[in-house]
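Now for the letters of each chain:
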Amino acid sequence: MKCIKIITVALILALIATSLSSCMVLNHRFDYIDKTNVTSIEIYDLRGDYHHDVGFYELMDPIYTLSAEQYADFLDTLTKLKFTSTLILIAANDPTLHYSNTMTVKINHSNGVFETVSPYGYAEQYDPNEDSLDAWDYGSCDYSDWELLLQSVVPQEIYNSEPKDPYGTFSYNEALSSATASGSNIRTSGFVNSTGLDYSRYSGEPLSWYSVEAILMRAKDECTIEYEHTRLYIDKEEYVYCIEFMGKSEKECIYINRSLATILAVKIPTTDAGTENGVN
């Protein structure tokens, strides 16, 4: 009798889990893209050892930008690629989105919309009308087809080159000394992220503990200026990150340690921009 009760309870729990779960087969094509509204198509190299998720394009430059003459053929081939995925979703669990180590495409439109496309299904789409950025998973395509598509537009010497470190290097000690000596607008306390995260369970290079986009989001919490673009620099000896927010008349450099706690913010007029923040 006891055995029957155990089996009955197990079956009930299995039925509940099944009822709260779902299986979705996704088939996606990019045939909805209006070619007449495309303003640029950029190729980003994410083949490094870094963990990339939403917003990678804010911290790095594309390795190649297609000419306008290349748009039509590229988009014609892209729309023929079929992206398919089978997702088993358990209730209250969302899939984790991140980009794999491959080249990724960003397509920009005249109305401010942009979308990213990667062979393994991770993507973002921005709609300025709703001021929203959505991350989603549309499935994977045949990787050999993806390679042929990129090889048809990216020069061979760029496509076959070794992945380069997309981020600059700097010395935090030099940056602190220079900013102090120059009398720059410096903050050393009162930060949103004054407390860091626990990284004791991690090993290896600190940049592999968190995505570069997580570092950027923490830095945005501290930024006090209106900026047009950003750059990431790394002190690999002190394990300090410098996120540079560049505005029209000034820039602000936010310094974050390995636990993602903010330790310094320096505001500098862009007319004096150069090496005063220790970045080369």
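Residues numbered from 1 in each chain as written. Predicted model: local features only at pLDDT ≥ 70, side-chain atom pairs only at ≥ 80, totals over all residues. Heavy atoms only, no water.

Notes on the overall build of the chain
Phase 1: In terms of regular secondary structure, the chain is built from six helices and 14 strands.
Phase 2: Excluding contacts between residues fewer than 6 apart, the proportion of contacts in the chain whose partners are at least 24 apart in sequence is 63%.
Phase 3: Summed over all atoms, the accessible surface of the chain reaches about 15,100 Å², with 52% contributed by carbon and sulfur. (Helix = DSSP H or I, 4+ residues; strand = E, 2+ residues; numbered from the N terminus. Contact = heavy atoms within 4.5 Å. Areas by Shrake-Rupley, 256 points an atom, 1.4 Å probe, with all protein chains shown as cover.)

Points about unusual backbone geometry
Phase 1: At Asp-131, a position not held by glycine, the phi torsion is positive, near 50°.
Phase 2: Exposure remark for Asp-131: the relative accessible area of 60% places this residue in the exposed category. (Buried < 20%, exposed > 50% of the residue type's maximum accessible area, 1.4 Å probe, protein only.)

A closer look at the pattern of salt bridges
Two side chains bearing opposite charge may form a pair once their charged atoms approach each other closely.
Phase 1: One pass over the full model with this rule turns up six salt bridges.
Phase 2: In this structure, Asp-61 and Arg-231 form a salt bridge, with 2.1 Å as the shortest nitrogen-oxygen distance. Of this pair, Asp-61 sits in the loop between strand E2 (38-45) and strand E3 (64-65) while Arg-231 sits in strand E11 (residues 229-235), and the two are 170 residues apart along the sequence.
Phase 3: Here Glu-252 and Arg-187 are joined by a salt bridge, their closest N and O atoms 3.0 Å apart. Of the two residues, Glu-252 is situated in strand E13 (residues 250-256) and Arg-187 in strand E10 (residues 185-187); the sequence distance between them amounts to 65 residues.
Phase 4: Looking at Arg-187, the relative accessible area reads 24%, which means it is partly exposed. (Salt bridge = Lys/Arg side-chain N within 4 Å of Asp/Glu carboxyl O.)

Describing helix H2 (residues 71-80)
Phase 1: Of the residues making up H2, those classed as buried are Tyr-71, Phe-74, Leu-75 and Leu-78. For H2, the angular spread of the buried residues around the axis is 90°, confining them to a single face. Exposed positions of H2 whose direction lies more than 90 degrees from the buried face are Asp-73 and Lys-80.
Phase 2: Where the residues of H2 are buried, they touch E2, strand E5 (103-109), strand E6 (114-117) and helix H3 (143-151). (Arc of directions from axis to C-beta.)

Comments concerning the nonpolar core
Phase 1: Ranked by size, the top nonpolar core spans 27 residues in total, and within it Leu-232, Tyr-241, Ile-243, Phe-245 and Ile-256 carry the most contacts.
Phase 2: Counting only elements with at least two residues in this core, the list comes to helix H6 (212-220), E11, strand E12 (240-246) and E13.
Phase 3: Counting residues per element, this core draws most heavily on H6, which supplies four residues.
Phase 4: If we ignore the near neighbours within four places in the chain, the residues touching Leu-232 are Leu-59, Tyr-167, Gly-168, Val-212, Ile-215, Tyr-241, Cys-242 and Ile-243.
Phase 5: Grouped together as the second largest cluster of nonpolar side chains are 26 residues, Leu-75, Leu-81, Ala-123 and Val-154 included. (Core = buried A, V, L, I, M, F, W, Y, C linked by side-chain atoms within 4.5 Å.)

What about the sheet that holds E2?
Working definition: the strands of a sheet are paired by backbone hydrogen bonds and lie parallel or antiparallel to each other.
Phase 1: Pairing is antiparallel across the open sheet formed by six strands, whose spatial order is E3-E2-E5-E6-E7-E8. Edge positions in the sheet fall to E3 and strand E8 (132-137), since each has one partner strand and no second.
Phase 2: When E2 meets E5, the two strands line up antiparallel, connected through seven bridges. Directly across from Val-38, in E5, lies its bridge partner His-109.
Phase 3: In the packing of H2 onto the sheet, contacts are made with E2, E5 and E6, and the angle to E2 comes to roughly 70°. (Pairing = 2+ DSSP bridges. Axes fitted to C-alpha atoms, helices over the stretch in contact; angles between N-to-C directions.)

Describing the environment of Arg-29
Phase 1: Mapped onto the elements of the fold, Arg-29 is located in the loop between strand E1 (21-28) and E2.
Phase 2: Judged by relative accessible area, Arg-29 falls into the partly exposed class, the value being 35%.
Phase 3: Taking the C-alpha atoms as reference points, Arg-29 and Lys-80, separated by 51 residues in sequence, lie 7.1 Å from one another.
Phase 4: For Arg-29, the residues in contact, after removing those within four places along its chain, are Thr-79, Lys-80, Leu-81 and Lys-82.

Points about H6
Phase 1: Of all the residues in H6, the buried ones are Val-212, Glu-213, Ile-215, Leu-216, Arg-218 and Ala-219.
Phase 2: Looking at the buried side of H6, the elements it contacts are E11, E12 and E13.

Focus: the side chain of Ser-118
Phase 1: Tracing the sequence through the fold places Ser-118 in the loop between E6 and strand E7 (122-127).
Phase 2: With relative accessibility at 2%, the residue Ser-118 sits in the buried group.
Phase 3: A distance of 2.8 Å separates a polar side-chain atom of Ser-118 from the backbone oxygen of Tyr-122.
Phase 4: If near-sequence neighbours (up to four positions away) are discounted, Ser-118 is found in contact with Phe-83, Tyr-99, Thr-104, Tyr-138 and Trp-146. (Polar contact = N/O pair within 3.5 Å; in protein donor to acceptor, adjacent residues only side chain to side chain.)

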